[in-house]
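# Secondary and tertiary structure notes
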Amino acid sequence: MKKLFLSLFILSSLLTQAQRPTNKSITLTGTVIDKDSGQPLEFATIVVQSVENPNSVTGGITDLDGKFNVAIDPGNYHIKFEYISYKSVTLNNQNITSSKDFGKIGLTLDVNQLEAVEVVGEKTTVEVRLDKKIYNVGKDLTNSGATITDALNNIPSVDVDVEGAISLRGNENVRILINGKPSALAGFGSSEALQQLPADAIEKVEVITSPSARYDAEGTAGILNIVLKREKTLGFNGSANVFIGHPTNSGATINGNLRTDKLNIFSTLGYRYRDAPGNAFYDNTYTSGSFDRIIEDREYNRLNKNFNANLGAEYFINDKSSLTTALFYRRSDGNDLTENTNQRFNLGAKENETFREEDEEEESDTYQVSINYVNKFNEDGHKLTADFQYSRDNQTTVSRIEENETLPNDALIALENVLEEETENEYLIQADYVLPMGDAQFEAGFRSTLKQEITDYQLDSLDQARNQFVINENLTNEFTYDENVHAVYTQYGDKFGKFSVLAGLRLEHTQLKGQVDTEFDPEALEQELGVDVDVNFDKKYLGLFPTLNLVYEITDTENVSIGYNRRINRPRGWFINPFPSRSSRTNIFQGNPDLDPAYSNAFDVGYLKRWKKVTLTTSVYYQRETNSFERVQESTGQTTTDGIEIVRSIPINLSTNNRYGAEASVMLNPAKWIRLTSSVNFFRFATEGSFNGVDYGAENNSFFTRLGSKVNLPAKISWQTNAFYFGPRQNAQTETEGIFSLNMAFSKDIFKDNATVSLNVSDLLNSRKRRSFTETEFFTSNSEFQWRRRQVTLSFLYRFNQSKNDRNNRQNNRGGDGDGEFEMEG
């Protein structure tokens, strides 16, 4: 490690000298290469030290082809060639009287250094700081060929359900950030975008259960901050990963980075072709309507092709300031085919059978540009940062829905064409100021986020009498939803002996605005929607959000922490949009324009202890949320054309939701060849509230647990296993059985550790299925749902100009993200 820092120090001091013009008449030339592979080593260091005057040191660095050209005066010199993680080559007492070409200088890998690096990499999987836990996910084998959503499902405290919904400590009201900011990469209010991005792009995940005032107050459960890779080591390096799997899952990801003394260029390119078959089963009984029982079988075939590109550059204006610009683009083309067979019964006898097919074509383009300016006033952390970000998403969905009766007769029931165009725009402006004061630190800043979602919806239904399509005047509309948030904050951190404190206050003003534009009768529209609220609204809220985090360091390896924060959960656009989904004629989801934000007060007490080979983290937490969201099911009072009662699922504000929980995580390194991890989270929630005269109060106790192992086998083979179980749970109307899943992966390093072949199986036992029972006063439903079947993926990863362990070392020793955090590492 000392050698690493010494090399970096010498390199940084020589970068400037190597670029300066000189009048010296003698030049030293040559090429530095990897002795084993023959590949040139760009930005290797050449140190030329005078024998007569050891304090006189000059030198240079190699270019992208490994070539060097160093100008010196005649004399006697010690000449040293260095490259990170390679053994240095020294030529002592060289009498240089004229220009000299050294030819090829071959360097070999320093095996002892690499072994030391690997141990460091294994032990720094998690970092505990004042307000968050940081998980380095780069060495997780099951992430090869996987998506960001898959990677999140391996993080303690986090769960991704069978439909891709992300929750933190069992609570889905979690805020997803990319590099500390809301981003189009994470999607606008939806986690679907994360299912299209490669896990290879992640450097680490920050789990922030007690966010400081620096962060948005959004997300009552807390924040998941996904930090993407951006190499900071001089030179060119990168990796390419190709993969293929069954069911169809193939693609490639390329990461590249070029760093000079003035410029750092980074990029990620990815393409994925994926078919994700799934299925669902519903057994429903009714107390009224034309049938007393309906059995529904659904088959899903979801084909998706997507390309994403992230390109950025950081320009170092001088040694104290830099400007970073990044561009992101994603293109997604999807085809979802849903086949739905309905069997309808009365008194045990099947009277009717229908077949429904929905063919949906979707095209989506996402753009994002971001600019970041950093000015460091000194090396102690005194700095000013400013950010601007613009994101845009255009999505067009064309659906053809056809339903036919197959028993007792063959007849067309309904034929519909749906055209939905969605446009989302988001602007973000932010500035942060950090002022260290000895052990203390003051911070202040502001952020404005302006977001608009426009949904243009048209429904055409076939008039069988006239054999032509007719626009449904009551549902064709354009719905515009604006969410504007302006915030200012300040916080102060200090250390008093073994105590660390970080206190802050954030003020946020929120505007939620909705407007329906339709060419048809607005009153008829509201009657068709079945809502008694104004679909055109303009609501404003002003709130204060205090935060407090305390840490007491018992020893260097043991501490206790206490956290408090107040948070807000704003309704997403699809929770507000009053227009029903068309995935089923009898079961629909409908937004509620009358939804208000929910607020929570959360308390957290944590304990951390590190031994030589064991790390233990535990915490207990309590959260009280008012105006909390709950999805309930009720009858719409409407029936289909063939007499089936339509059931609606709608989000509402319930009065309170109290959550209690405890979690523990253990990491054990009993030997260099094995690492074990386990975590468990127990939680309980009690909900109180009623809607339309129905009491939806409920209590639930549940838990989820993980067990993981990584074993280094002979012949450079690694074996990793991750097991996950989510216990039974319930809400006011639905009971859900426990879910178990098992992931397994093997990898082998080849080509002198420059490449890795991996085989991983997601959901090895094909058991990741959600089984639920729902009961209301007018119907019951037994259901089973599987979003995606067992997945097998084979991948090949090749690293350019970096060894596997050297890459992990650079990532793990990269330090913070430069956000001016006041932190205490555990």
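I will try to describe carefully the structure that is included in this document. (Residues numbered from 1 in each chain as written. Predicted model: local features only at pLDDT ≥ 70, side-chain atom pairs only at ≥ 80, totals over all residues. Heavy atoms only, no water.)

Overall, the coordinates contain 24 aromatic pairs when judged by the stated rule. Cluster of aromatic residues (ring-pair linked, three or more members): Phe-683, Phe-704, Phe-724 and Phe-726. Lying across the ring of Phe-537, Lys-539 places its NZ or CZ 5.5 Å from the centre. Looking at Arg-729, its charged tip hangs above the ring of Phe-726, at a distance of 4.2 Å from the centre. (Phe/Tyr/Trp six-rings, centres within 6.5 Å; stacked < 30°, edge-to-face > 60°. Lys NZ or Arg CZ within 6 Å of the ring centre and 35° of its normal.)

Moving on, we get to the sheet that holds strand β33 (residues 629-639). In spatial order, the strands read β30-β34-β33; together these three strands make up an open sheet with mixed pairing. Two strands close off the open sheet at either side, each with one partner strand: β30 (587-589) and β33. For this sheet, the mean angle separating the axes of adjacent strands, direction not counted, is 30°. Judged from the three bridges that link them, β30 and strand β34 (residues 645-653) form a sheet pairing that is parallel. Bridge pairing links Ile-588 to Arg-648 in β34. (Pairing = 2+ DSSP bridges. Helix = DSSP H or I, 4+ residues; strand = E, 2+ residues; numbered from the N terminus. Axes fitted to C-alpha atoms, helices over the stretch in contact; angles between N-to-C directions.)

Turning our attention to the side chain of Ser-210. Within the secondary structure, Ser-210 sits in the loop between β13 (202-208) and β14 (222-228). On the basis of relative accessibility, which here comes to 5%, the residue Ser-210 falls in the buried class. Of note is the side chain of Ser-210, whose polar atom sits 3.5 Å from the side chain of Asn-565. (Buried < 20%, exposed > 50% of the residue type's maximum accessible area, 1.4 Å probe, protein only. Polar contact = N/O pair within 3.5 Å; in protein donor to acceptor, adjacent residues only side chain to side chain.)

In terms of nonpolar packing, the biggest core is built from 21 residues, with Leu-152, Val-158, Ile-166, Leu-224 and Ile-226 touching the most fellow members. Put simply, the parts of the chain that give this core at least two residues each are α3 (148-152), β10 (158-160), β11 (166-168), β12 (174-178), β13 and β14. Leu-28, Phe-68, Val-70 and Ile-96 belong to the second-largest nonpolar core, a separate cluster that totals 19 residues. (Core = buried A, V, L, I, M, F, W, Y, C linked by side-chain atoms within 4.5 Å.)

Structurally, the position occupied by Thr-354 is in strand β21 (residues 349-376). According to the relative accessible area criterion, Thr-354 is buried, its value standing at 0%. Considering only alpha carbons, one finds Thr-354 and Leu-407, 53 residues apart in sequence, at a separation of 6.9 Å. Once residues within four sequence positions are removed from consideration, Thr-354 is found in contact with Asn-340, Thr-341, Asn-342, Arg-344, Glu-403, Asn-404, Glu-405, Thr-406 and Ile-413. At 3.3 Å, the side chain of Thr-354 and the side chain of Glu-403 are in polar contact. (Contact = heavy atoms within 4.5 Å.)

The subject of this paragraph is the pattern of salt bridges. Here the structure, examined in full by the defined rule, presents 26 salt bridges. The network of salt bridges with common partners includes Arg-175, Asp-216, Glu-218, Arg-447, Arg-506, Glu-508, Arg-570 and Arg-572. (Salt bridge = Lys/Arg side-chain N within 4 Å of Asp/Glu carboxyl O.)

Moving on, we get to the sheet that holds strand β6 (residues 89-96). Taken in spatial order, the four strands of this open sheet run β3-β2-β5-β6, and their pairing is antiparallel. Two strands in the sheet have a free side with no partner beyond their single neighbour: β3 (57-61) and β6. Geometrically, the sheet is characterised by an average inter-axis angle of 20° between neighbouring strands, direction not taken into account. As paired elements, strand β2 (residues 45-50) and strand β5 (residues 75-82) share six bridges and run antiparallel to each other. From the neighbouring strand, Gln-49 faces β5, where its bridge partner is His-78.

We now examine the pairing of strand β31 (residues 598-610). Across twelve bridges, strand β29 (residues 558-569) lies against β31 in antiparallel orientation. What sits directly across from Asn-559, in β31, is Leu-608. Bridge count between β31 and strand β32 (residues 614-626): twelve bridges; the pairing is antiparallel. Of the residues in β32, the one forming a bridge with Gly-606 is Ser-619.

The next thing to look at is the pairing of strand β16 (residues 249-259). Bridge count for strand β15 (residues 235-246) against β16 is eleven bridges, and the pairing is antiparallel. In the strand pairing of β16, Gly-245 is matched with Asn-249. The sheet contact formed by β16 and strand β17 (residues 263-275) spans eleven bridges and is antiparallel. Paired with Ser-250 across the bridge in β17 is Tyr-273. The hairpin turn running from β16 into β17, its antiparallel successor, is three residues long.

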